[in-house]
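# Examining the three-dimensional arrangement
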Amino acid sequence: MWILDSAWHNGVDLWYRNGSTKCWHHEYDPPFYLYLPDPSAYHEMIDELKERYCAETCTFRTLFGDLDGFSVHADRAVAELIELQTKGDAQLFNVDVRRDQRFMAEQDIFPCGNADESRYSPDFQYDLRQVEIRIHDPPARSSLCTDVELVQERTELLQGTGHTVVTDLFSLLEAIDPDVILMSQADMWMPKFRVYARGKGLVMPFSRNGNYRQMDSRSYWSYGRVEHKDAALIPDGRVLIDTDQSFVYREGGLDGVFMAARLSGLSPNLASRFTPGTLISSYEVYEAVRRGIVVPFRKADVEAVRKFASLQAADRGGMMFQPAAGVYGNVDEIDFASMYPSIIVKFNLSPEIPGPPDRKGFLASVLEPVVALRRETKRGKKANSRYAGIDSLLKWMLVTCFGYTGYKNAKFGRIEVHEAITRRSREILVQTKDIAESRGFCVLHGIVDCLWVQGTGVDDLCAEVNRKIGLSAENEHFDWIVFLPLSDGFGAYNRYYGRLPDGSVKVRGIAARRHDTPGYIRIMQQEMLSIMATARTPAGLGQVRDPVYRIYCNAIRNLPCTAPAALAISRRISRTTYSHRCIEGAAVQAYRDAGLEIAPGMKISYVVRDARTYRVDPEWAAERFDLAYYRGLLDKAWNEISYAFRWDGHDSCGEWKAQKELIFPGFSHQGTECVQDL
Amino acid sequence: MLIMLRKGITLRQGTFTAVIAPEPVILSALNDNPDLGRFLSLFLCGNYSRILSRINRTSSNFEIRRPFTADQLLTALKEAGHTIIFIEHDPTLFDGADRLLIPVAAALRDAGHEALVILYAPVMDRSFAALACQADRLIEIVHTGEPAYNGQYQDNRSHPQGRSLVPAQKTLEVF
């Protein structure tokens, strides 16, 4: 039977979907495992554990071999007391594995699928009643919603007072009895609904049995930046997805969420709220339990002792070849799909390796089917759009699986594996470069798993690379590509754009791609790029120079009368206290002044009123903006584009010089006549 | 076996010493002691060492281990059989792991019965203070604000006794 949801309530509740949705409660009291290097030193504690928590001697399997210890039927609090009493001598396992996940892994069943199908099939089916709730009120500044669209087979519009709308919404949900609720800002609205429902004696209809699980809000570091996760109220028996906050849903849609749940063994409610890193980590945990390997509670296995020289040799990252800034025609990007996970699989890299030479390592064997599935979805998404969401999810999970090998709290990570992966990747990139050059290609640029080359016979090159290196290399052709310069004139590694054969433009690192670019500037750059896309050759770019320049001039002319909201800058804040005055700090203060609580990792959206004196308004309250500041941003975006026309030094166009003569009517956007076209 | 941290301050084998000092002082102690190469030394640091890249040690007796969690630090200390154990304190190891402050401090003290154990930090923090409670000695070398002598500055004036002045003592030349 198809499992829709799972939860722990003194046993495992599994919600099965079989025509209707029903809950089955499974009695389940799993033990955690305890290993003591010298049990006799703790004989009193062991006696007590036997008496109180049915502790029994047993042998259990860790990643590094079997251990003789004890199984203890108790919870995390007891495990932490054991840690305290043994002063770190005790090794504990399976303490913090989610019990519903563990139950499913032990039974070899999984969410969002039937037990008799493959978890790794992208063609899974589901027959679920879905409803989408679009709430148009701003959740941070509204206590109740007054403008709601409820989309099912037809769209219901709910408008009016907060009480009317919420009551109608509850009634409709009750009547529809959906399995999946897609709701904008669900995690911000649900606590408000609960407070309101309690106050008015209403029953919230989101849960099928009235139970809600609470996930606390938290700020955390991820890939060098602070992220924030709102608290969430998770209903039992239904899938509630926050369509705005869920990264997995944004990237992978409902299929992506369900695939994440199938792989990780987590309820789709959790899978939609977790990061790809947590998902890959959960997938490893599920696989470990399924294979009878216990999961360490604390990460105590430290890297091996090494010589200073060997550390210096090993501790490097990915390989880069710096490009020469400029415009190049007929360039091919050779890309290794899922390079790092493929290296783990191909070279059998795993924390317990070297182990038995005839056995595949845990990490390699766990990732192998996911890498194969990604290959299938990447190939299939061109023909079947349904694969696109799953492919995107897998891409992110596989990207993070490499980082997790070096993450301090990764259950199955090890820094030596992390270093071995980057070492192999460097060798592969250099080997690929050598193969390309031996076939007469000119290598323009390279980043970790990509190489940009100029030459003919790229299909043969890829075939040779695939044959000699054993990893799947694909190529993407650019009719032309612009590698932008750094301030010192050398090429930037990660800022480029180029035309693909289908007429679209692939961009990386420029304003049109950046999340904090104001909409007005992003649109300007996108318009420019769409015109540049009509040029099929680098020489053809010269012919579109004037229309592109006119877009810039129009953007300057129209800037003073632009609505402030179009100039809002959205940023994720990394802190809430600032030692120096800065725009971001002023924005945080503006949010506080508006009565909103701010936590690190949250996204804020603001308009700069006066950059010189650090005056900033929240997006919704902005009425004016600093013209000079935004002109600076506009020019920066223009410089990224205009480089394509002036990179070879032939940019002395009188028309461009005239840009400096454009006159600005003061620092307010109000009362200015705007020009639609030059 | 002993290490001279500064003139008059020596660290001996069989002790656990907590040291707070500016980075150049500790780097000098590690880099300018050729005798250290004769002893098996272990350098323990977290993921973001401030001094590791500036240590000039090519001796095969100089070994490194990087614990990224307090549990790993505890394991590394228990497994260490080196003559010198140098720990660059990383307070982030103890984020959410206060429970290990006492066991790690005890492990440092135990290791200090045989080896020369140095727990180093440039500044005091809460977890360092907790670990240093078990140390035989706590040494704090305070940066006095003296400008460092860079070898290029030459004072052209001569001292009455013919000795050239230390650049940092310009204001004292009347004496």
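Residues numbered from 1 in each chain as written. Chains lettered and ligands numbered in written order. Predicted model: local features only at pLDDT ≥ 70, side-chain atom pairs only at ≥ 80, totals over all residues.

### A look at the interface of chain B and chain A
At the interface, 22 residues of chain B touch 18 residues of chain A. The element that contributes the greatest number of residues to the side of chain B that touches chain A is helix 2 (residues 70-79) of chain B, accounting for 5 residues. A per-class count over the side of chain B that touches chain A returns 10 nonpolar, 6 polar and 6 charged. Sheet topology note: the strand 17 (residues 306-307) of chain A/strand 5 (residues 62-65) of chain B ladder contains 2 bridges and is antiparallel. The residue bridging Arg306(A) from the neighbouring strand is Ile64(B), located in strand 5 of chain B. (Contact = placed C-beta atoms within 7 Å. Helix = DSSP H or I, 4+ residues; strand = E, 2+ residues; numbered from the N terminus. Nonpolar A, V, L, I, M, F, W, Y, C, P; charged D, E, K, R; others polar. Pairing = 2+ DSSP bridges.)

### Examining the sheet that holds strand 24 (residues 505-508) of chain A
All names here are of chain A. Taken in spatial order, the 7 strands of this open sheet run 18-20-21-19-22-23-24, and their pairing is antiparallel. The sheet is open, and its two edges are formed by strand 18 (320-321) and strand 24, each paired on a single side. Pairing of strand 23 (residues 491-499) with strand 24 involves 4 bridges; the strand directions are antiparallel. Residue pairing across strands places Tyr 497 opposite Val 507, the latter belonging to strand 24.

### Focus: the pairing of strand 3 (residues 20-26) of chain A
With 7 bridges connecting them, strand 2 (residues 12-18) of chain A and strand 3 of chain A associate as antiparallel partners. In the strand pairing of strand 3 of chain A, Trp15(A) is matched with Cys23(A).

### Notes on helix 2 of chain B
The element helix 2 of chain B is largely enclosed, with a buried count of 8 among its 10 residues. In this fold, the buried residues of helix 2 of chain B make contact with strand 4 (41-44), strand 5 and helix 3 (101-111) of chain B. (Buried ≥ 20, exposed ≤ 12 C-beta atoms within 10 Å, placed from the backbone.)

### Details of the confidence of the model for chain A
Here chain A shows a mean pLDDT of 90. Residues at 70 or above account for 94%. When the criterion is pLDDT under 50, residues 658-678 of chain A qualifies, and its contacts beyond four places in sequence or with other chains add up to 27 contacts. (pLDDT = per-residue confidence, 0-100.)

### Quick notes on the packing of helix 2 of chain B against helix 3 of chain B
Residue and element names in this part refer to chain B. Running from N to C, helix 2 and helix 3 point in directions that differ by 20°, and their axes come no closer than 9 Å. Relative to helix 3, the element helix 2 is oriented roughly parallel. Of the two possible hands of crossing, helix 2 and helix 3 adopt the one that is left-handed. Residue-level contacts link Ala 70, Leu 73, Leu 74, Leu 77 and Lys 78 of helix 2 to Pro 103, Val 104, Ala 107, Leu 108 and Ala 111 of helix 3. Of the residues belonging to the contact of helix 2 with helix 3, the class tally is 9 nonpolar, no polar and 1 charged. (Axes fitted to C-alpha atoms, helices over the stretch in contact; angles between N-to-C directions. Parallel < 35°, antiparallel > 145°, perpendicular 65-115°, else oblique. Left-handed = near helix turned anticlockwise from the far one by under 90°.)

### Some points on the packing of helix 10 (residues 339-346) of chain A against helix 11 (residues 362-380) of chain A
Angle between the axes and distance between the axes are the two parameters that describe a pair of packed helices. All names here are of chain A. Helix 11 packs onto helix 10 with a crossing angle of 130° between their chain directions and a minimal axis gap of 8 Å. The angle between helix 10 and helix 11 falls in the class oblique. Seen from above, helix 10 lies across helix 11 with left-handed handedness. Of the residues in helix 11, those touching helix 10 at Pro 341, Ser 342, Ile 344 and Val 345 are Leu 363, Ala 364, Leu 367, Glu 368 and Val 371. Along the lines of polarity and charge, the residues of the contact of helix 10 with helix 11 split into 7 nonpolar, 1 polar and 1 charged.

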